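Coordinate analysis (summary)
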Amino acid sequence: MKTIIEPFRIKSVEPIYFNTVEERKAILSGAFYNPFLIHSKDVLIDLLTDSGTSAMSSNQWAGIMQGDESYAGSPSFFRFEKTIQDITGMPLVIPTHQGRAAEKILFSIIGGKGKYIISNTLFDTTRANIEFSGAEGVDLICEEGKYPSIPAPFKGNIDTEALENFIKDKGAENIPLCIITITNNSGGGQPVSMQNIREVRRICTAYNIPMFIDACRFAENAYFIKLREEGYANKSIPEIVRELFSYADGCTMSAKKDAFANIGGFLAMHDESLALKCRNLLVITEGFPTYGGLAGRDLEAIAIGLVEVMDEYYLQYRIRSTEYLTNKLIAAGVPVMQPAGGHAVYIDSKAFLPHIPPHQYPGQALVGALYLEGGIRSVEIGSLMFGKYDADGILVPAQMELVRLAIPRRVYTQSHIDYVAEVIIEVFEKRNTIKGLRITEEPAMLRHFTAKLEQL
Ligand code: F0G
């Protein structure tokens, strides 16, 4: 088989500014060992996130020029609405400025004290919005999803037995929603199978619990279904996507991922009365229902991106590029989440740095080491992001200590990725010299964004 090439040519470029290890040392300590506090011009390869960092296509830029900025009834909205209706089969479409705004609106309405929202794994902002409403977020990931080094085709699946037991235990009346994250970002970008989605639907219907999809990476998930699930090899991506959404009552989406947009999001659903409540909140928080938190030009870019992302040549290249990096790391003995996820490569920092215990944040220590060695910015998905304190103030660590290298869509070429592999392998060879960290300052919620740390 020949090399799978980037299915695009580059028309416009952005410079990368180079710096030295010595300079990065000062930058890292000045940023308190927190990658979110590093200025982006000081980063060589930015794998902090795949969110809002995509390269837009010439078609999307052309769409931007056609954006109609009318306050009410813009044709850009109707294009956006129709595209989402066609893709999801959901008639009611509510634009928001990004995914978390959709979450905030949804959970302000259905959340609240004493309620539980069930998921495979909630993303951090989703969990925060649930908790902010007073409700509790519950992750019921399948068993194989808990072990980074053991490959399985659908490690993002919900444990359906645990789901049914949880519903029986807490009572369906206390569970206003089950939301499946596709792909499962916080659990390694792993896909959810159609069979699992169908089974969750069956259980939710039996107990009269609405089911939503967190659809940020719906096309990547659909491509994995095509590759790995029996009966889908000959189906087109739009067909798979349509089936996948057909099981859901609604969805939230951040258009900053699988819509190649730099900003945007939406809620879509079938339930008229819920949509009415959402739109009432939308008007006071985001904007009028035909633009939400967005400009007309953003609505155009999203509508075009949502169709572009379902192109199979693109998806083949996309999934291959994360697999390419993952395989290079596996060959060098670096412990990574297996198999490769859709949008990112996840290093298992517990196994990479066994000498650093969870309360010294091995993931964050590795993030620092990768920046120092090669100017690569990554993010910890471990006890800094998800750790909690118990009643005695002792850290309850996260299930896994991962470092995520998220690949922005259509932005980096194969030589960038080769460089990333070289840097990680170099850091792996001197892993014993890496030191743990201590938190010196942290906020009450979403602490990983702004916490300050120092080296031990
Ligand atoms: N759900 C998932 C699964 C996500 O990955 C994100 C964002 C959101 C919801 C929230 O969307 O950022 O538009 O408000 N994930 C980004 C990331 C930030 O880096 O993974 P948003």
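Below: a short report on this structure. (Residues numbered from 1 in each chain as written. Predicted model: local features only at pLDDT ≥ 70, side-chain atom pairs only at ≥ 80, totals over all residues. Heavy atoms only, no water.)

1. Details of the packing of aromatic side chains
Taken as a whole, this structure holds twelve aromatic pairs when the rule is applied. Ring centres 4.8 Å apart and planes at 80 degrees place the aromatic pair phenylalanine 36 and phenylalanine 449 in the edge-to-face group. Of this pair, phenylalanine 36 sits in the loop between helix 1 (21–30) and strand 1 (45–46) while phenylalanine 449 sits in the loop between strand 15 (437–441) and strand 16 (452–455); the two residues are 413 residues apart in sequence, bridging distant segments of the chain. Residue phenylalanine 36 is classed as partly exposed on the basis of its relative accessible area of 27%. Overall, the relative accessible area of 25% leaves phenylalanine 449 in the partly exposed class. An angle of 75 degrees between the planes, with centres 5.0 Å apart, marks the rings of phenylalanine 260 and tyrosine 314 as edge-to-face. Here phenylalanine 260 is found in the loop between strand 7 (250–254) and strand 8 (265–269), whereas its partner tyrosine 314 is found in helix 12 (residues 312–331), with 54 residues between them in sequence. With respect to burial, phenylalanine 260 and tyrosine 314 carry one shared label: buried. Taken together through their ring pairs, the aromatic side chains of Phe8, Phe260, Tyr314 and Tyr317 make up a single cluster. Over the ring of phenylalanine 32 we find lysine 452; its NZ or CZ atom is 4.6 Å from the centre of that ring. (Phe/Tyr/Trp six-rings, centres within 6.5 Å; stacked < 30°, edge-to-face > 60°. Helix = DSSP H or I, 4+ residues; strand = E, 2+ residues; numbered from the N terminus. Buried < 20%, exposed > 50% of the residue type's maximum accessible area, 1.4 Å probe, protein only. Lys NZ or Arg CZ within 6 Å of the ring centre and 35° of its normal.)

2. Brief notes about the sheet that holds strand 7
If you walk across this open sheet you meet the seven strands as 2-8-7-6-5-3-4, and the pairing is mixed. Strands at the two margins of the open sheet, each flanked by one partner only, are strand 2 (92–96) and strand 4 (136–139). Averaged over neighbouring strand pairs, the angle between their axes works out to 20 degrees when direction is ignored. Where strand 3 (residues 116–119) lies against strand 4, four bridges are found, and the strand directions are parallel. Bridging from a neighbouring strand, tyrosine 116 pairs with glutamate 136 of strand 4. Contacts from helix 10 (residues 272–285) reach strand 2, strand 6 (211–214) and strand 8, with the element oriented near 20 degrees to strand 2. (Pairing = 2+ DSSP bridges. Axes fitted to C-alpha atoms, helices over the stretch in contact; angles between N-to-C directions. Contact = heavy atoms within 4.5 Å.)

3. With respect to the packing of helix 4 (residues 99–110) against helix 10
At a minimum axis distance of 10 Å, the contact between helix 4 and helix 10 shows a crossing angle of 125 degrees. Between helix 4 and helix 10, the interaxial angle falls into the category oblique. For the crossing formed where helix 4 meets helix 10, the hand is right-handed. Judged by residue contacts, Ile105, Leu106, Ser108, Ile109 and Ile110 of helix 4 engage Leu274, Lys277, Cys278, Leu281, Leu282 and Thr285 from helix 10. (Parallel < 35°, antiparallel > 145°, perpendicular 65-115°, else oblique. Left-handed = near helix turned anticlockwise from the far one by under 90°.)

4. Quick notes on the environment of glutamine 85
Mapped onto the fold, glutamine 85 is located in helix 3 (residues 75–88). Here glutamine 85 falls in the partly exposed class, since its relative accessible area comes to 25%. Linking glutamine 85 and methionine 269, residues 184 residues apart in sequence, is a C-alpha distance of 9.5 Å. With near-sequence residues (within four places) excluded, glutamine 85 lies in contact with Met90, Pro91, Val93 and Arg242. Separated by 2.8 Å, the side chain of glutamine 85 and the backbone oxygen of proline 91 make a polar contact. (Polar contact = N/O pair within 3.5 Å; in protein donor to acceptor, adjacent residues only side chain to side chain.)

5. Here we look at the state of the cysteines
The full count for this structure, using the stated rule, is zero disulfides. Free cysteine: cysteine 178, not disulfide-bonded; nearest cysteine sulfur from cysteine 204 at 4.2 Å. Left without a disulfide partner, cysteine 278 is nearest to the cysteine sulfur of cysteine 251, which lies 12 Å away. On the basis of relative accessibility, which here comes to 0%, the residue cysteine 278 falls in the buried class. (Disulfide = S-S within 2.5 Å.)

6. Here's the deal with the site of the ligand
Of all residues adjacent to the ligand, which total 17 residues, the nearest are Thr49, Arg100, Asp214, Ser254 and Lys257. Within the side chain of threonine 49, one N or O atom sits 2.7 Å away from an oxygen atom of the ligand. Measuring from an oxygen atom of the ligand, one finds a side-chain N or O atom of glutamine 98 at 2.9 Å. Contact with the protein chains removes 94% of the 480 Å² of surface that the ligand exposes when unbound. (Near = heavy atom within 4 Å. Areas by Shrake-Rupley, 256 points an atom, 1.4 Å probe, with all protein chains shown as cover.)

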